[in-house]
Amino acid sequence: MSLARNSVAEVAEKESGVLKRALGPLDLTLLGIGAVIGTGIFVLTGVAAAGQAGPAIMLSFVLAAVACVFAALCYGEFSAAMPRAGSVYAFARANMGEPVAWILGWDLILEYGLAVSAVAGGWSGYFQSLLAGFGLHMPVVFRDAPGVAPGSVADLPAAAIVLLLTWLLSRGVKESTRVNNFIVFVKLAVIVLFIAVGIKHIHPVNWHPFWAFGYHGMVAGAATVFFALLGFDAITTAAEEVRRPQRDIPLALVATLSVCTLLYVAVAAVLTGMVPFKLLGVKSPVAFAMQYAGQNWVAGFISLGAIAGITTVILVMLFGLARIVFSISRDGLLPRRLAGVHPRHRTPFSSTWTVGLITALVAGFVPLDTLAPLVNVATLFAFSLVAAGVLVLRYTRPELPRPFRCPGVPVVPLLTAGICLYLIFNLPAIAWYAFGVWMLAGLIIYLVYILRRRTAFRERG
């Protein structure tokens, strides 16, 4: 038995044409914006400003965005070189060997799976606030995950939205992107409305002291709001469904991060200028800022936009997770039945419903504040591995075709890995421990798989 790599050409020839290529550059960019702008801009901006960074939250977003831009350039090289479902996992499988690919794939499953569940929890909060505005209230037992509030048993809205979007994704990629594109335009309009109205209510005195928590507070804020910028890498998981992936994926990655970073910094500036930062530690800080300024009519639109925005994040992260599991299963590292494709819709039907059911359960029974730090650790670790992979393969496999080349090698990959590791060390220690347990479980699963494969090989032999 050998763990030899597959060539890019062999994989492409073997697996081309399985999924439907229906996405263009605008679809991809809106897919990325749909994944990035959600819980972060409507929730974490205020939380991080109140407890970690103060008005310097604006610079926290810039630091986090720099790490993401560098990582996006590394992702772009991988996904353009091998436009296959599963993105960087697929590239690692073909060019760095099965063990490295498994580590990366197992980490990506954690990142996307917990991101879906965590964001669904944020969606539930805004949805219940909207219901309360109409005088409607859910039974206490179904409002929150266990332990969040007295009498809570399950967060029913969080689980329900995950299952609804799972059904939508199983119907077809074009149908899903049409819904995403419409909702993205709605939430962008709401954000522009907030900036346009809020800028008239800025009081510069609220920006002092700018470094309310010092430099380390700004860095801690960056580690927290990093969660707000996650999701752009979901673009690369759609590579097998993009019409011209070598050109469109790198373009969409850069466009997504450029638009989202500008919006995040603008919202952070307006938010901290409108309201003293110490008052922003609430569940819906953007809507609260409008209420604080006496603009209640805008606050209502913002709550609606938040629900729309968070919906697209769940949709896109579920989309990416299903394709990662599909790719890993197609390689035999997870049960092959998860690689089933619907004969009419040409979607990864089995993996979509499997991840949808599991993440719905997690969303319903695990609190949001438990999930977010672990998502950040998993993502930063993945970004570090991708950056290291770009650097290593430039020297070990210079002959690989690279339609898009990450600029500034080796500086950009080294900076990517360095910034990501620096941010990891500014996260709570409990997140490291939980991540270590997850990766240890993955190692055990892989070793069991290797033993079984070797046994089967000898029996055939």
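Residues numbered from 1 in each chain as written. Predicted model: local features only at pLDDT ≥ 70, side-chain atom pairs only at ≥ 80, totals over all residues. Heavy atoms only, no water.

1. A short note on a nonpolar patch on the surface
- Nonpolar side chains collect at one region of the surface, where Leu-59, Val-62, Val-66, Trp-211, Tyr-215 and Tyr-422 lie side by side and expose about 510 Å² of accessible area between them.
- Among the elements that take part in the nonpolar patch, helix α4 (residues 57–81) stands out by supplying 3 residues, more than any other.
- Mapped onto the fold, Tyr-215 is located in helix α9 (residues 214–225). (Patch = residues over 30% accessible without salt bridge, like charges linked within 9 Å, V, L, I, M, F, W, Y side chains within 5 Å. Areas by Shrake-Rupley, 256 points an atom, 1.4 Å probe, with all protein chains shown as cover. Salt bridge = Lys/Arg side-chain N within 4 Å of Asp/Glu carboxyl O. Helix = DSSP H or I, 4+ residues; strand = E, 2+ residues; numbered from the N terminus.)

2. Structural notes on the side chain of Ser-170
- Tracing the chain through its elements places Ser-170 in helix α7 (residues 156–171).
- Assessed through its relative accessible area of 3%, Ser-170 is described here as buried.
- A polar contact is formed between the side chain of Ser-170 and the backbone oxygen of Trp-167, at a distance of 2.6 Å.
- Beyond its immediate stretch of four places on either side in the chain, Ser-170 contacts His-345, Thr-347, Phe-349, Thr-352 and Trp-353. (Buried < 20%, exposed > 50% of the residue type's maximum accessible area, 1.4 Å probe, protein only. Polar contact = N/O pair within 3.5 Å; in protein donor to acceptor, adjacent residues only side chain to side chain. Contact = heavy atoms within 4.5 Å.)

3. Regarding the confidence of the model for the protein
- Looking at the protein, the pLDDT average stands at 83 and 92% of residues meet or exceed 70.
- The low-confidence segment residues 6–17 (pLDDT under 50) makes 16 contacts with residues lying over four places distant or belonging to another chain. (pLDDT = per-residue confidence, 0-100.)

4. What to know about the packing of aromatic side chains
- Counted by the stated rule, this structure contains 13 aromatic pairs.
- On the numbers, 5.2 Å between centres and 25° between planes, the contact of Trp-102 with Trp-106 is stacked. Highlighted residues: Trp-102 and Trp-106, both in helix α6 (residues 98–133), separated by 4 residues, approximately one helical turn.
- Ring geometry for Phe-210 against Trp-211: centres 5.7 Å apart, planes inclined by 80°, an arrangement best described as edge-to-face.
- With a relative accessible area of 42%, Trp-211 lands in the partly exposed category.
- Every member of this aromatic cluster is reached through a ring pair, and the members are Trp-102, Trp-106, Trp-438, Tyr-446 and Tyr-449.
- In this arrangement the basic side chain of Arg-323 is found over the ring face of Phe-319, its NZ or CZ atom lying 3.7 Å from the centre. (Phe/Tyr/Trp six-rings, centres within 6.5 Å; stacked < 30°, edge-to-face > 60°. Lys NZ or Arg CZ within 6 Å of the ring centre and 35° of its normal.)

5. Some thoughts on unusual backbone geometry
- In this structure, the amide linkage connecting His-208 to the following residue, Pro-209, adopts the cis form with an omega of -5°.
- With respect to the element layout, Pro-209 can be found in the loop between α8 (173–198) and α9.
- The residue after Val-409, namely Pro-410, is reached through a cis peptide bond having omega 10°.
- Mapping Pro-410 onto the fold places it in the loop between α15 (368–396) and α16 (411–424).

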